[in-house]
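# Examination of the molecular architecture
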Amino acid sequence: MPRPISATIHLGALKNNLAIIRNRVGNSKIWAVVKANAYGHGLRCLWRDLDQADGFALLDFNEAILLREQGWQRPILLLEGFFKPEDLPIIDQYQLTTVVHSYWQLKAIEMANLSRPINVYLKLNSGMNRLGFPAGQYREVLSLARHIRQIGQITLMSHFANADQKEIGVTEQLSVINSVSQGLNIAQCLANSAASLWYPQTHRDWVRPGIALYGASPSGKWKDIADIGLKAVMSLQSEIIAIQHLKAGEKVGYGGKYVASGPIRVGTVACGYADGYPRRAMTGTPVIVDGVRTQVLGAVSMDMLSVDLTPCPQAQIGSSVELWGQNLPVDDVAGIPGTIGYELLCALADRVPVSICR
């Protein structure tokens, strides 16, 4: 028999989430962000269930080629742009839209032998300071780009650093964007998941939802999206494979990081950090056993973790365990070890079998 751990991808939840975002952004077009193998969910298995999006946004050329070869004919956006001038024939062949964030990329496009002009997203650095042209140079760069015959449509793109932090928000960066773009006849794409959900003034021509499509919170806090209607697309589940009966003073796992204060039943679950579960999870990290919320005890090992069976006395070997999913938000799990749901979803290991639920 195979090891009992598995993941389930709920395609109905994916469609639900896209529909909710569509309703919130009105007439703005939607780039469905499917980078990192669709945030660990499996691009190949789910892209067709995002066919109501207006385009796909990603990083990897191989993923872009996969979408084209699988039949997607609408726009595909390369979020980090291209990395070498030698990439441009691929962009040309597969009719990709590329971010442009550096002068060398403009020069490379100008020098390229292309079959048709390529559409570009000209990146404005409005304050995040990762990629993009400084605000003071942007109009000059835009003028330069408009005079390059190998460039077709140009869209102003920027990215918010703090849209997920409501106490900071988008005001400062949006002021920079509005100042730079005033009077320019140019389409705009600004909003990530957080801005798409909470800042309608940022929606403009295109939005770029990512984590919200998969039913997790941009802020890392489930309570921030609990009333929106988003549903978890990925569930990670396993089973109890052993039960230990401990007395007061006995310890659990590597390093003995949990010490029993009295008699306790401890369940061993077939799931560990080699499956993508966070090694930094500790006592108190939530888990659901037989439909009852309980907690991890002690340290997570490579292949196993331990859980408190006190709240679920009916649990036995073979009892179901939800590590995260539709009953236990991944954000609640990620918060204890000090990470975010993004990391857990993207880290799902190849050894975990994945099933599709339509």
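Residues numbered from 1 in each chain as written. Predicted model: local features only at pLDDT ≥ 70, side-chain atom pairs only at ≥ 80, totals over all residues. Heavy atoms only, no water.

## Concerning the side chain of D224
In this fold, D224 is placed in the loop between β10 (206-207) and β11 (234-246). Engagement of the side chain of D224 in a polar contact is seen with the side chain of S219, the distance being 2.6 Å. Side chain to side chain, D224 and K223 meet in a polar contact 3.4 Å long. (Helix = DSSP H or I, 4+ residues; strand = E, 2+ residues; numbered from the N terminus. Polar contact = N/O pair within 3.5 Å; in protein donor to acceptor, adjacent residues only side chain to side chain.)

## Quick notes on the domain arrangement of the protein chain
The domain architecture assigned to the protein chain consists of domain 1 (11-217) and domain 2 (234-356). Contact residues are listed per partner, giving ten residues for domain 1 and nine residues for domain 2. Between domain 1 and domain 2, roughly 840 Å² of surface is buried when both sides are summed, and carbon and sulfur atoms account for 72% of that area. Among the residues of domain 1 in contact with domain 2, Y39, H41 and I211 are the three that bury the most area, contributing 43% of the side total. Counting the contacts that link domain 1 with domain 2 gives zero salt bridges. (Domains from an automatic or database assignment. Contact = heavy atoms within 4.5 Å. Buried area = accessible area lost by both parts, 1.4 Å probe. Salt bridge = Lys/Arg side-chain N within 4 Å of Asp/Glu carboxyl O.)

## With respect to the side chain of T268
Considering the arrangement of structural elements, one finds T268 in strand β14 (residues 264-269). According to the relative accessible area criterion, T268 is buried, its value standing at 13%. What T268 contacts, discounting residues up to four positions off in sequence, is E239, I240, I241, A242, M304 and L305. (Buried < 20%, exposed > 50% of the residue type's maximum accessible area, 1.4 Å probe, protein only.)

## Looking at the environment of D164
Its location among the elements puts D164 in the loop between β8 (151-157) and α8 (171-181). Under the relative-accessibility criterion, D164 is labelled partly exposed at 27%. With 134 residues separating them along the chain, D164 and G298 place their C-alpha atoms 31 Å apart. The residues touching D164, leaving out its near neighbours within four places in the chain, are A194, W198, P218 and S219.

## Some points on the UniProt feature "binding site: substrate" (unreviewed entry) in the protein chain
The UniProt record annotates "binding site: substrate" (unreviewed entry) at R130 and M302. A maximum C-alpha distance of 34.4 Å is found for the annotated residues, which run over 173 residues; spatially they are spread out rather than grouped. Annotated residues from the preceding list that form part of the lining of the largest pocket: these are R130. Structurally, the position occupied by R130 is in the loop between β6 (118-125) and β7 (133-134). By relative accessible area, which is 59% here, R130 ends up exposed. When you line up the elements, M302 lands in the loop between β16 (292-297) and β17 (305-308). Looking at M302, the relative accessible area reads 43%, which means it is partly exposed. With near-sequence residues (within four places) excluded, M302 lies in contact with G272, Y273, A274, D275 and R351. (UniProt positions renumbered as here; feature names shortened; annotations may be inferred. 1 Å grid on protein atoms, 1.4 Å probe; cavity = no way out; pocket = protein on both sides within 12 Å on 5 of 7 lines; lining within 4 Å.)

## Let's talk about the pattern of salt bridges
Where charged atoms from two side chains of opposite charge come close, those side chains can pair. Evaluated as defined, the whole model comprises eleven salt bridges. In this structure, D54 and R22 form a salt bridge, with 3.1 Å as the shortest nitrogen-oxygen distance. Residue D54 is located in the loop between α3 (43-46) and β3 (55-58), and its partner R22 is located in helix α1 (residues 11-25); the two are separated by 32 residues in the primary sequence. A relative accessible area of 26% places R22 in the partly exposed class. Salt bridges sharing partners connect three or more residues here, namely R3, D275, D303 and R351.

## With respect to the layout of surface pockets
Looking at the largest pocket, its volume works out to about 760 Å³. In terms of lining, the largest pocket is formed by 37 residues, of which the most central are K35, M128, R130, H159 and N192. Listed by contribution, the elements that provide at least two residues to the lining of the largest pocket are α2 (35-39), β6, α9 (193-198) and α11 (341-346). Residues belonging to the lining of the largest pocket are distributed by class as follows: 19 nonpolar, twelve polar and six charged. Viewed by domain, the lining of the largest pocket spans two of them, domain 1 (11-217) and domain 2 (234-356), each represented by three or more residues. (Points joined across faces, edges and corners; volume = space filled by probe spheres on them. Nonpolar A, V, L, I, M, F, W, Y, C, P; charged D, E, K, R; others polar.)

## So, the state of the cysteines
Tallied over the full model, the rule gives zero disulfides. Looking at the unpaired C189, the closest cysteine sulfur is the one in C346, lying at 20 Å. With no disulfide of its own, C346 has C45 as its nearest cysteine by sulfur position, at a separation of 14 Å. Classification of C346 by relative accessible area gives partly exposed; the value is 38%. (Disulfide = S-S within 2.5 Å.)

## Remarks on the packing of aromatic side chains
Applying the stated criterion to the full structure yields ten aromatic pairs. Centroid distance W47 to F56: 6.4 Å. Interplanar angle 85°. Geometry classified as edge-to-face. A single burial state applies to W47 and to F56, both of which are buried. With centroids separated by 5.2 Å and ring planes inclined at 80°, the aromatic side chains of Y103 and F133 adopt a geometry described as edge-to-face. Of the two residues, Y103 is situated in helix α6 (residues 103-111) and F133 in strand β7; the sequence distance between them amounts to 30 residues. Look at Y103 and you get partly exposed, because its relative accessible area is 41%. Of the residues examined, F133 reaches a relative accessible area of 2% and is grouped as buried. An aromatic cluster is defined as three or more aromatic residues linked by ring pairs; in this entry it consists of W31, Y121 and W206. For the cation-ring pair, K166 lies above W198, with the distance from its terminal atom to the ring centre recorded as 4.3 Å. (Phe/Tyr/Trp six-rings, centres within 6.5 Å; stacked < 30°, edge-to-face > 60°. Lys NZ or Arg CZ within 6 Å of the ring centre and 35° of its normal.)

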